Amino acid sequence: MKETVNEIAPPRYRLVLPPGFLLIPVAHSTDDEIADLVRRHYRDLPRDSYGPQIERTAAQLVASARSAREAGVLDLVVPMGVPWRAPVSLAIAISTAPAPGAADPESSASESTEIVTTTAGEAVRATERFTAPATADEMAPLLRMRFRWSIPDAERQLLAVCTISGTVDPELAPIVDALAELGDLLLRTLRWD
C-alpha cells in the first residue's frame, strides 16, 4: 500500500491507498495537470496499443474532476484499472463543510448512521443502499457511504463520500459488498497530518 498526502489548508490529512488507486487533487489542479497525472500513472504501458485507452480515461477523469470541482470537492480517489472486469466501481469524493449545527438535516430514512473509529478519531458514517438501475446496461449508484470528521482546531468538518456504482446484475452483490468494505477500510485509514 502506498501513502498519499494531500496538502490543503486546513485540513491536512493522509490516506492509505492500495496499489492502482489514485488521489486526484481536483480543487488544486487544472484539467491539463489531471490529464498528465493519468498519463504518468500509465507510463509503463505500451503507447502504441494502450495510447487511445489512456487518452479516453484521461478525458473521462478530467470531465469527472471538472464536475467534482464545481461541486466543491477537494480530492477524488479512484481505482485506475478494474482487475475484476465487472461493471461495478467505486469512487471517493473528499470535501469540507461548516461544522454541523442544530439546523442540519437528519439522515434520510433509508440511511443507517453510526459512530465509527478511524485513525483520525471518531467519525459519523451513514450508509445508504439504492434500488438497482431500471435497465441492464445502465450504471447507477448502488451504495453510498458518507463519513464526517470534525477537523481539529477548526470550525469545519471533513466529508468523504464513497459511492459504489454498477448495473442491475444480482450476481454482482458480493462485489458491491466487497467494494463497500474496501471503501470503508480506506476511509478508516484517514489521519490528520
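Criteria and cut-off values
- Residues numbered from 1 in each chain as written.
- Predicted model: local features only at pLDDT ≥ 70, side-chain atom pairs only at ≥ 80, totals over all residues.
- Heavy atoms only, no water.
- Helix = DSSP H or I, 4+ residues; strand = E, 2+ residues; numbered from the N terminus.
- Buried < 20%, exposed > 50% of the residue type's maximum accessible area, 1.4 Å probe, protein only.
- Contact = heavy atoms within 4.5 Å.
- Areas by Shrake-Rupley, 256 points an atom, 1.4 Å probe, with all protein chains shown as cover.
- Phe/Tyr/Trp six-rings, centres within 6.5 Å; stacked < 30°, edge-to-face > 60°.
- Pairing = 2+ DSSP bridges.
- Core = buried A, V, L, I, M, F, W, Y, C linked by side-chain atoms within 4.5 Å.
- pLDDT = per-residue confidence, 0-100.
- Salt bridge = Lys/Arg side-chain N within 4 Å of Asp/Glu carboxyl O.

Colleague: Would you explain the overall build of the chain in this entry?
Modeller: What the chain contains, in helices and strands, is 3 helices and 10 strands. Scanning the chain from its N terminus toward the C terminus, one meets helices and strands in the order β-β-β-α-α-β-β-β-β-β-β-α-β. Counting across all 193 residues of the chain, residues that qualify as buried make up 40%. Within the chain, residue pairs in contact and separated by at least 24 positions form 58% of the contacts whose partners lie at least 6 positions apart. Just so you have it, the chain exposes about 10600 Å², and 53% of that area is on carbon and sulfur atoms.

Colleague: Is there a simple way to think about the packing of aromatic side chains in this case?
Modeller: A ring pair, where both rings are aromatic, is described by two values, the distance of the centres and the angle of the planes. This structure, assessed with the given rule, holds 1 aromatic pair. Here the aromatic rings of Phe147 and Trp149 are separated by 5.5 Å at their centres, their planes lie at 20°, and the arrangement is stacked.

Colleague: How do you make sense of the pairing of strand β7 (residues 121-129) when you look at a structure like this?
Modeller: Residues in a regular strand project their side chains so that they alternate between the two faces of the sheet. Pairing between strand β6 (residues 111-118) and β7: 8 bridges, direction antiparallel. Residue Glu111 lies in a different strand from β7, and its bridge partner there is Glu128. The turn linking β6 back onto β7 is made up of 2 residues. Alignment of β7 against strand β8 (residues 140-150), held across 6 bridges, turns out to be antiparallel. By the bridge assignment, Val124 is partnered in β8 with Arg148.

Colleague: Whenever I open this one, the nonpolar core confuses me. Can you help?
Modeller: One broad rule of soluble globular proteins: the nonpolar side chains tend to lie buried together. Ranked by internal contacts, the top residues of the largest apolar core, which has 31 residues, are Val77, Ile92, Ile94, Phe147, Trp149 and Ile164. Looking at this core, the elements that each hand over two or more residues are β2 (12-17), β3 (21-24), β5 (88-98), β8, β9 (156-166) and α3 (173-188). In contact with Ile92, other than residues within four places in its own chain, are Asp75, Leu76, Val77, Ala160, Val161, Cys162, Leu186 and Leu187.

Colleague: What should I look at first to understand the pairing of β9 in this one?
Modeller: In this structure, β5 lies alongside β9, joined through 11 bridges in antiparallel fashion. The partner of Thr96 across the bridge, within β9, is Leu158. In this structure, β8 lies alongside β9, joined through 10 bridges in antiparallel fashion. Note on β9: the bridge partner recorded for Arg146 is Val161.

Colleague: Would you explain the confidence of the model for the chain in this entry?
Modeller: Predicted coordinates in areas of low pLDDT are best not read in detail. Residues with a pLDDT of 70 or more make up 87% of the chain, whose mean pLDDT is 85. The least confident element of the chain, judged by mean pLDDT, is strand β1 (residues 2-7) at 51; the most confident is β7 at 95.

Colleague: Could you clarify how one ought to interpret the side chain of Ser95 in this entry?
Modeller: When you line up the elements, Ser95 lands in strand β5. Non-local contacts of Ser95, meaning those with residues more than four positions away in its chain, are made with Gly72, Val73, Leu74, Gln157, Leu158 and Leu159.

Colleague: How do you make sense of the environment of Ala71 when you look at a structure like this?
Modeller: Structurally, Ala71 is set in the loop between α2 (47-70) and β4 (75-79). Between the C-alpha atom of Ala71 and that of Ser95, which follows or precedes it by 24 residues, the distance is 9.2 Å.

Colleague: What is the right way to read the pattern of salt bridges from this model?
Modeller: Proximity of charged atoms lets side chains of opposite charge pair with each other. Overall, the coordinates contain 12 salt bridges when judged by the stated rule. With a shortest N-O distance of 2.9 Å, Arg39 and Glu55 are connected by a salt bridge. Taken together, the residues Arg39 in helix α1 (residues 31-41) and Glu55 in helix α2 connect sequence positions 16 residues apart. Of the residues examined, Arg39 reaches a relative accessible area of 29% and is grouped as partly exposed. On the basis of relative accessible area, Glu55 is assigned to the partly exposed category, the value being 30%. The shortest N-O distance in the salt bridge between Arg129 and Asp177 comes to 2.9 Å. Residue Arg129 is found in strand β7, and its partner Asp177 is found in helix α3; the two are separated by 48 residues along the sequence.

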